[in-house]
Every structure is written in C-alpha cells, then in structure tokens.
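Below are the chains, spelled out letter by letter.
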Amino acid sequence: MTSKTSKGKLSWWQLSLLGIGCTLGTGFFLGTSMAIHKSGPAVVIPFLLAAICTYNVYDALVKMSVANPDKGSFRTYAKQAFGRWAGFSNGWVYLISEMLIMGSQLMALGIFTKLWFPTLPLWVAASIYAALGLVVILTGMKGFENFQNIFGALKTAAVVMFIVVAVVLIIKGINTDSATLDSLHANYEEFFSQGVKGIWLGLLYAFYAFGGIEVMGLMVIDLKNPKEAPKAGKVMLIVITIIFLMAIMLALMLVSWKDFNIEESPFITALRDYHIPFVADIFNGILIIAGFSTMVASLYAVVTILITLAEDHDAPASLAKKGKMKVPFPALLFLASGLIITIVIGFLMPEKIFEYLMTAAGLMLIYNWFFILVTYAKLMELSKWDHVKNGIGMLLIGVTVSGTLGEKTSRLGFFVSLLFIVIIGIATWIVMKRQKHDKHV
C-alpha cells in the first residue's frame, strides 16, 4: 500500500486523471445545490475563488514534494518546519476529519441506493460500501489507480453528457420555449440578488467541491518524474474548473436558481421538467459512483497518513506492520473500526448534530490546507509572486472559515471544529511532554 511497492510508475497525465477521480465527487454533484442556495446565480464566483485557492495549496504542496519526496507529504513537511508537535497534530487533524467525512459519504451512499432498493436498511448499504472500499485498498496502489481512472472517466463523462444535453435543450428552448427564456432572464437579472454575503456564505460549499486535492500530493512520490507534478495539478485543475463552471452555468440557464433543492443534485433538478427517460436513474448511479470513489480516495489518504504516524511513533507502531501481501492489516483494521464507529454515530445521532460534525470535518480539512501554506512559507524560499499566491490562499481560507459564522448550522459546526482542535491540541501536549520525559529518564 505504501509508495515503495509502486514508486516511479505514474506519468503526469495519469496523476491528472487520478486527481479528477479523487476530486469529482458528491461535494460537486450534490453540494453545489447548497452553494446555489446561498449565492444565487453568482455561485460561479465562489467556485472561481475556491479554484484559485485550491491551485495555490496544491502548488505549495507539490513544490515541497518535489524538493523532498516523502510518503508522509504535508504531515512530514509540517514536522520538518515546526517540530514533532506539528507533524503529530497535523496528521491527526487530517485523519479525524477524513474519517468523519467518510461517515457522511457512507450515509449519502446508503440514501442514494434506497432509490433502487427502498427496503434495504441504510446501515446495511453503508456497511456494504465500506467493505467494498476496503477491498479496493487491499489491491494496492495499482488497483487503486485503475479503479479511480475508470470511475473518474465515468464521472467526467456524466458531466460532459449533462453539458451536451443542456446545450441542446437551451438551443431548442430559445427557439420554441418561452419558459427557458424566462429562466435565463430571471437568473441574469438576479445575478447578485444574494449580494456579497451570499458569495461569502457559498464559499464553504464551493471549497467542498474541490476537496481531495491533498490526495494528489500524497501520490506525487509515485510519479516517474516528480518534477512533472506541477503540470499534472495545473492540467487537472483547469479541466475540472472548466467542467464545474460550465455545468453550473448551464444548469442555471435551464431553470431559475430558486427552483434548486438543497437535498437534490442540481443536475437532476435542471433536467427534471424535460422528462428525459432514465435521467434520474442515470444521475443516481453517477452520484453513487462519485461518492464511492471519493470515499476510496479518502481511505487511501487515511491509510497512508496512519502508516507514517505509526512509523514516527505518533500512533501505535503496530499499525505500520505488514503481512505477506505487503498490506498493513493493523492499519486496515483500525480503519474498519473507525468506519463502523462513524456509521453508528451517523445512525444514532440526531440529524442536526451529525450535520454539525460534518461541517466541522470539512472545516478541519480546510485548516489543514492553511497549515500547508504556512509550512510552505517556512520550509521553502519563496519569490515575491509565491508570497503573493500564498497570501491570497491564506486570505481566501480565512474568509471561507469566517463565512461559517454567517448562519446557525455552520456556526455550530465551526465551534465543533474548534473543540476537535482543542482535544487534538491537548493530546499533542500530553504526548510531547511524555516523550520529553522519556528522553530524560
């Protein structure tokens, strides 16, 4: 599962494909409705700002990876920049946030599956997807790569299909249907209807759509030529940003922004009134593929980080032990236990509390991005332009986090994220104090 088994096997374009596979998920296919709900037709602005910040974070991470390839990626670089406490806390913040996010993805997958199998209990569906995800991880880097390439291609094809169908419907509608013209006119007139506050509140959901870029950083060490990593990220982000913006703008050209339902994919909403056969089933299948592949990407990232934590004695050393198949079974057992706990939490907790946990997990992921930029500024020699890009990235993350204070649900999620940070901070202090004591004994 570690890079040693497949070092130097990836071409830059394969990393780009893997990046699309890891990033294009439920955050975009489902979460975009929430961004539209907050920002109105001006939702394209939060997405553009999130894309700029994502590129700045990836650029910083990849430059550190090229200078010092290490499977621990951002966690290792934080440790090099600020000491052991930074590596310990950075790793656990990321690990806990990803575990919680995987719990929400499993819940969503169970809900999507009920469209086809209404009698199937949610916990059974979630458990099946969790088991299948662990099987993919057991196949190693090669299996993970093949899986993400296939699913990445399917997800991209689905968005391209939506774009083509939407363009045909718009052209047809402009010629024959006054309702299409009315939607176009209404969305144009109401472009800034939610104001600056709407863009501010929508940023968090736009960032969710780009979540997963740090997984690309973990895979840089598997490139044949690590110096091509910046090109891989640039191509991937340009492609995915164009796809995101085109799909969103076309959806907004088909129906009024007020018609989008936060509990439904905006692309299903946009096509529903046109009565295209099987459109709901096709997009439900794509939502399942998207959710499952991003969950598997999270599993890969968590296993990688967990092994590096164990190897650095920031987690039980036994978690890094490998069996005959060169697979770290203790780490996989830890992961399986974590998935079971998140599934149980998801079903036992009231919906609102679970929502706060998910918002907190997403925020913790963004905190990790901020720390990547801070680490980059500390470890590397930055040009004036690099300082500007780093500053813009930090500012955008700061503005996005502050946007969570603008409404009740995300505000409580923000405080829950701070609680997690405090708990990890206390654990870090205890571990560092114990290690210091052991050295003196």
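Residues numbered from 1 in each chain as written. Predicted model: local features only at pLDDT ≥ 70, side-chain atom pairs only at ≥ 80, totals over all residues. Heavy atoms only, no water.

Quick word on the layout of surface pockets
Using a probe with the size of a water molecule, rolled over the atoms, empty space left in the structure can be pinpointed.
In step 1: For the second largest pocket, the calculated volume is near 240 Å³.
In step 2: Lining the second largest pocket, in full, are Trp-85, Ser-89, Asn-90, Val-93, Tyr-367, Asn-368, Phe-371, Leu-418, Ile-421, Ile-424, Gly-425 and Thr-428.
In step 3: Taken together, the elements giving at least two residues each to the lining of the second largest pocket come down to α6 (84-113), α16 (351-379) and α18 (408-440).
In step 4: Among the elements that take part in the lining of the second largest pocket, α18 stands out by supplying five residues, more than any other.
In step 5: Classifying every residue of the lining of the second largest pocket by side-chain character gives seven nonpolar, five polar and no charged. (1 Å grid on protein atoms, 1.4 Å probe; cavity = no way out; pocket = protein on both sides within 12 Å on 5 of 7 lines; lining within 4 Å. Points joined across faces, edges and corners; volume = space filled by probe spheres on them. Helix = DSSP H or I, 4+ residues; strand = E, 2+ residues; numbered from the N terminus. Nonpolar A, V, L, I, M, F, W, Y, C, P; charged D, E, K, R; others polar.)

Topic: the environment of Gln-148
In step 1: With respect to the helices and strands, the residue Gln-148 is situated in helix α8 (residues 140-176).
In step 2: Here the alpha-carbon distance between Gln-148 and Ser-293, two residues 145 residues apart in the chain, equals 6.5 Å.
In step 3: Those residues in contact with Gln-148, other than ones at most four positions away along the chain, are Leu-18, Gly-21, Cys-22, Ser-293, Val-296 and Ala-297. (Contact = heavy atoms within 4.5 Å.)

Some thoughts on the packing of helix α1 (residues 12-23) against helix α12 (residues 229-254)
In step 1: Closest axis-to-axis distance for the α1/α12 pair is 8 Å, and the angle between their directions is 45 degrees. Taken together, the axes of α1 and α12 lie oblique to each other. Our pair here, α1 against α12, has a crossing hand that is right-handed. Residues Trp-12, Leu-15, Ser-16, Gly-19, Ile-20 and Thr-23 of α1 form the contact with α12, whose participating residues are Lys-231, Ala-232, Val-235, Met-236, Val-239 and Ile-240. (Axes fitted to C-alpha atoms, helices over the stretch in contact; angles between N-to-C directions. Parallel < 35°, antiparallel > 145°, perpendicular 65-115°, else oblique. Left-handed = near helix turned anticlockwise from the far one by under 90°.)

Description of the side chain of Thr-113
In step 1: Positionally, Thr-113 belongs in helix α6.
In step 2: Aside from chain neighbours lying at most four places away, what touches Thr-113 is Leu-120, Ala-125, Tyr-129 and Ile-288.

So, the pattern of salt bridges
In step 1: Inspection of every chain in the model, using the stated rule, returns nine salt bridges.
In step 2: Put simply, Arg-75 and Asp-314 hold a salt bridge, and the shortest N to O gap is 3.5 Å. In this pair, Arg-75 is assigned in helix α5 (residues 73-82) and Asp-314 in the loop between α14 (279-311) and α15 (329-348), connecting sequence segments 239 residues apart. Per residue, the accessibility class of Arg-75 equals that of Asp-314, and both read buried.
In step 3: Among the ionic pairs, Lys-79 bridges to Asp-312, the shortest N-O distance being 3.3 Å. Highlighted residues: Lys-79 in helix α5 and Asp-312 in the loop between α14 and α15, separated in sequence by 233 residues.
In step 4: Judged by relative accessible area, Lys-79 falls into the partly exposed class, the value being 27%.
In step 5: Connected via shared salt-bridge partners are Arg-75, Lys-79, Arg-84, Asp-312 and Asp-314. (Salt bridge = Lys/Arg side-chain N within 4 Å of Asp/Glu carboxyl O. Buried < 20%, exposed > 50% of the residue type's maximum accessible area, 1.4 Å probe, protein only.)

Looking at helix α7 (residues 122-138)
In step 1: Here α7 contains 17 residues, and its C-alpha end-to-end distance of 25 Å stays within 8% of the 24 Å for a straight helix at 1.5 Å per residue.
In step 2: When we look at burial in α7, the residues that qualify are Ala-125, Ala-126, Tyr-129, Ala-130, Gly-133, Leu-134, Val-136 and Ile-137.
In step 3: Two residues or fewer after α7 comes Gly-140, characterised by a positive phi angle close to 85 degrees. (Expected span 1.5 Å × (residues − 1).)

Focus: the nonpolar core
In step 1: Counting residues in each nonpolar core, the largest one holds 142 residues, and the members touching the most others are Phe-28, Phe-47 and Phe-162.
In step 2: The biggest single contributor to this core is α14, with 21 residues. (Core = buried A, V, L, I, M, F, W, Y, C linked by side-chain atoms within 4.5 Å.)

Comments concerning the packing of aromatic side chains
In step 1: The final tally for this structure, using the stated rule, is 22 aromatic pairs.
In step 2: When the centroid spacing of 5.7 Å and the interplanar angle of 65 degrees are considered together, the rings of Phe-82 and Phe-371 count as edge-to-face. Pair noted here: Phe-82 is in helix α5 and Phe-371 is in helix α16, with a separation of 289 residues, a long-range link.
In step 3: On the basis of an interplanar angle of 65 degrees and a centroid distance of 4.8 Å, the ring pair of Phe-162 and Phe-267 is categorised as edge-to-face. With Phe-162 in helix α8 and Phe-267 in helix α13 (residues 266-272), the pair connects residues that are 105 residues apart, well separated along the chain.
In step 4: Overall, Phe-267 belongs to the buried group, its relative accessible area being 2%. (Phe/Tyr/Trp six-rings, centres within 6.5 Å; stacked < 30°, edge-to-face > 60°.)

Some remarks on the environment of Leu-120
In step 1: Inspection of the secondary structure assignment puts Leu-120 in the loop between α6 and α7.
In step 2: C-alpha separation for the pair Leu-120 and Met-380, spaced 260 residues apart in sequence, amounts to 52 Å.
In step 3: Setting aside residues no more than four positions away along its own chain, Leu-120 makes contact with Thr-113, Lys-114 and Ala-125.

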